[in-house]
Amino acid sequence: MAVKGLELLDRLGFRMAFSLAVILLPLAIVSILRSQAVLSQTEARNEAALFGETVQVASTELALIDKARGVAGSVGAIILELIQEPEVCNDALSRVAERSNLAFVGFMAPNGEVLCASQNGPDELAAIDDFSAALSNRREIVRRRPIGFASDAPVIYVLSPVFDRRGNTRGFVTASIPQEMVLSERQVTIADAFFVTVNTEGDVLTSSLPVDDARAMLPSYGLPRRYIVEGGTFTAQSDNGVETIYAVSPVVENEISMVGMWASEEANAPLFYLERAAFFPLLMWLASLIVGWFVVDFLVTRHVASLGGAMRGFAKNRRTEMPKSFAYAPTELRDVGDAYLTLTDAVVRDEARLEDALYQKNILLREVHHRVKNNLQLIASIMAMQMRRTKSEEVKEVMMGLQDRVLSLATIHKSLYQTSGLAAIRLDELLSDIVDQMHSLSQSTEPVVVEAEYDPVSLLPDQAVPFSLLVAEALTNSHKYISADPGKPRKLKITLRDLGDHRVSLVIENSRGGADYERSDPHSTGLGAQLMTAFATQLGTEMKVDATPNYYRLSMEFAAAPLPDEDLPPA
């Protein structure tokens with residue numbers, strides 16, 4: 001029997017679901033591993049695509065910056081000669097700026113004074129950021145300026161030093177490119193990606209977004225310097241809290257780098273189900289498990305449950321109906337159902353035949369017991385006729401003892417005839433009949449007070465016969481020797497007890513007068529005592545006799561044979 005609370009584990013539906021779960025689990029694990037692999041490959045492809053796009057955009061801007069650097073280098077080669085005639089120098093730089101689509105071309109002295117320019121601008125450039133650094137380092141620099149030299153638009157400018165033959169710094173040539181030109185030259189194929197140029201300090205030089213918005217899209221901890229110098233790809237959280245893929249490609253070595261930014265969610269949007277590599281495979285595993293369980297339940301479990309319900313119904317009330325839904329069960333289960341119906345029909349027919357045979361047997365047994373009882377009573381009547389004819393008291397006494405025993409046997413067969421089970425006899429009813437019979441046959445003219453206490457006890461006929469004969473002999477002796485002191489009633493007490501555990505006790509006690517204590521029957525042969533001892537032996541016990549001046553008691557205790565289930569008394 002299943003432990004309460006664990007009965008679910010024994011059900012077919014649970015076991016089938018568990019088996020399906022175990023069967024499908026390797027597929028779920030493989031799907032998770034493959035999803036993780038696809039996600040890793042996708043991220044790698046996204047990084048490669050962004051890096052390629054960044055390199056392409058960087059090459060476009062590098063071309064523009066190289067053009068500005070080339071212009072600055074070319075002008076620097078002849079500026080010392082042109083500066084001798086300022087008007088000619090201004091016209092020449094103006095034509096260079098116009099042909100090169102530059103916003104401004106100019107030359108300034110080491111003190112920042114503008115000596116020659118493509119158009120009117122500031123008188124000096126000493127206030128330009130990093131001018132002093134360029135002067136001290138004597139090298140070319142590229143920077144962004146939010147306000148151009150000759151306009152209010154932001155520009156990218158190149159500051160290139162000019163040296164004389166002796167290597168002395170004579171000034172600087174600056175060439176600035178409009179930021180709009182830089183942005184317009186970009187050809188971006190990744191719609192959701194953004195590109196900015198930064199210098200080695202991480203300052204934003206150009207961006208299609210406002211500078212503040214561009215800074216917010218950069219990593220919260222800043223761009224690692226090694227990526228600015230060497231380039232590469234990595235994924236990090238932006239300053240505004242978005243997981244972003246970054247690709248860095250140098251534009252000007254150790255000066256400017258192009259940074260491509262692509263939000264990870266937008267990069268992986270076509271593969272949204274891979275955001276959580278284990279979620280979608282587990283969801284598919286669960287869906288497959290549910291579908292598998294539903295199919296098993298639809299094809300097997302519910303039909304097995306229906307068949308089990310039909311079996312329980314047959315066991316309870318012999319109903320042989322099958323549910324209508326069983327007609328839609330698979331062929332194999334329908335065959336089982338048909339075999340079950342055939343079996344139940346055969347069982348019902350066999351039970352009917354057995355019940356009919358048992359009924360006929362009961363009738364025959366009743367008739368046998370009835371006829372045996374009648375024959376024994378007939379024998380007792382013949383014996384009574386013989387007793388009336390004989391003149392010998394000794395013969396009469398012997399025949400009377402035999403008649404009592406015959407009538408006791410008749411009483412047993414009467415009980416068997418009246419017992420519905422025909423396999424067990426109620427001792428309480430049998431005792432009542434024997435006591436009444438023996439009392440009516442008693443030749444005593446003095447009244448006897450009978451006290452009887454009977455527990456409901458049943459015995460098989462094999463034990464009931466010697467028991468009843470023993471009781472008949474004991475009652476015969478009791479009626480023979482019962483007496484009482486003058487003025488007191490004669491008493492006969494019979495007690496039948498069910499001690500439990502198939503143990504039965506019997507006590508027969510009759511009163512005795514003090515004057516009769518030593519009296520004995522001169523005609524007694526001791527046959528009754530011998531018979532009672534023999535009957536007690538058949539019951540597997542011994543009698544106990546307790547005699548006093550006031551009473552004579554016979555008692556015994558014996559084990560009753562277990563009864564068949566059908567003869568047990570109702571609970």
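Preceding block: the structure.
Residues numbered from 1 in each chain as written. Predicted model: local features only at pLDDT ≥ 70, side-chain atom pairs only at ≥ 80, totals over all residues. Heavy atoms only, no water.

Attention shifts here to the overall build of the protein. Looking only at helices and strands, one finds 13 helices and 17 strands in the protein. Per-residue burial over the protein gives 39% buried out of 571 residues. Taking as baseline every contact in the protein between residues at least 6 positions apart, the subset at least 24 positions apart corresponds to 61%. Of the roughly 32,300 Å² that the protein leaves accessible, carbon and sulfur atoms contribute 55%. (Helix = DSSP H or I, 4+ residues; strand = E, 2+ residues; numbered from the N terminus. Buried < 20%, exposed > 50% of the residue type's maximum accessible area, 1.4 Å probe, protein only. Contact = heavy atoms within 4.5 Å. Areas by Shrake-Rupley, 256 points an atom, 1.4 Å probe, with all protein chains shown as cover.)

Further remarks concern the sheet that holds strand 14 (residues 490-500). The mixed open sheet is built from five strands, whose spatial order is 12-14-15-17-16. Every interior strand has two partners, whereas the edge strands, strand 12 (448-454) and strand 16 (544-547), have only one. For this sheet, the mean inter-axis angle between neighbouring strands, taken without regard to orientation, is 10 degrees. With four bridges joining them, strand 16 and strand 17 (residues 551-559) adopt antiparallel strand pairing. What sits directly across from Val-545, in strand 17, is Leu-554. Contacts from helix 12 (residues 461-481) reach strand 14, strand 15 (503-511) and strand 17 within the one sheet, and its direction differs from that of strand 15 by about 15 degrees. (Pairing = 2+ DSSP bridges. Axes fitted to C-alpha atoms, helices over the stretch in contact; angles between N-to-C directions.)

Next up on the list: a nonpolar patch on the surface. There is a patch of nonpolar side chains on the surface, built from Val-291, Trp-293, Phe-294, Val-295, Phe-298, Leu-299, Val-300 and Val-304 and spanning about 680 Å² of accessible area. Relative to the elements of secondary structure, Trp-293 occurs in helix 8 (residues 279-317). The class of Trp-293 is partly exposed, set by a relative accessible area of 38%. (Patch = residues over 30% accessible without salt bridge, like charges linked within 9 Å, V, L, I, M, F, W, Y side chains within 5 Å. Salt bridge = Lys/Arg side-chain N within 4 Å of Asp/Glu carboxyl O.)

Turning our eyes to something else, we now look at the environment of Leu-64. Of note, Leu-64 is situated in helix 1 (residues 12-82). In this structure Leu-64 comes out as buried when scored by relative accessible area, which is 8%. Taking C-alpha positions, Leu-64 is 7.8 Å from Ile-177, a pair spaced 113 residues apart along the chain.

The next point concerns the pattern of salt bridges. Evaluated as defined, the whole model comprises nine salt bridges. For the salt bridge of Asp-428 with Arg-426, the shortest nitrogen-to-oxygen distance reads 2.8 Å.

The next subject is the sheet that holds strand 2 (residues 114-117). Taking strand neighbours across the sheet as the criterion, the five strands line up as 2-1-5-4-3 in an open arrangement whose pairing is antiparallel. Lying at the two open borders of the sheet, with one neighbouring strand each, are strand 2 and strand 3 (141-145). Adjacent strand axes in the sheet meet at a mean angle of 25 degrees when their direction is disregarded. When strand 3 meets strand 4 (residues 155-163), the two strands line up antiparallel, connected through five bridges. Counted as the bridge partner of Arg-145 is Val-155 from strand 4.

Another aspect to go through is the nonpolar core. If you look at the biggest cluster of nonpolar residues, it comprises 39 residues, and the most contacted ones within it are Val-75, Ile-79, Leu-102 and Val-105. Contributing elements (two or more residues each) for this core: helix 1, helix 2 (86-99), strand 1 (104-108), strand 4, strand 5 (169-178), helix 4 (179-184), strand 9 (243-252) and strand 10 (256-263). Per element, the largest residue contribution to this core is 10 residues, and it comes from helix 1. If we ignore the near neighbours within four places in the chain, the residues touching Val-75 are Leu-93, Val-96, Val-105 and Val-173. By size, the runner-up hydrophobic cluster in this structure holds 33 residues, among which are Leu-459, Phe-535, Leu-539 and Phe-558. (Core = buried A, V, L, I, M, F, W, Y, C linked by side-chain atoms within 4.5 Å.)

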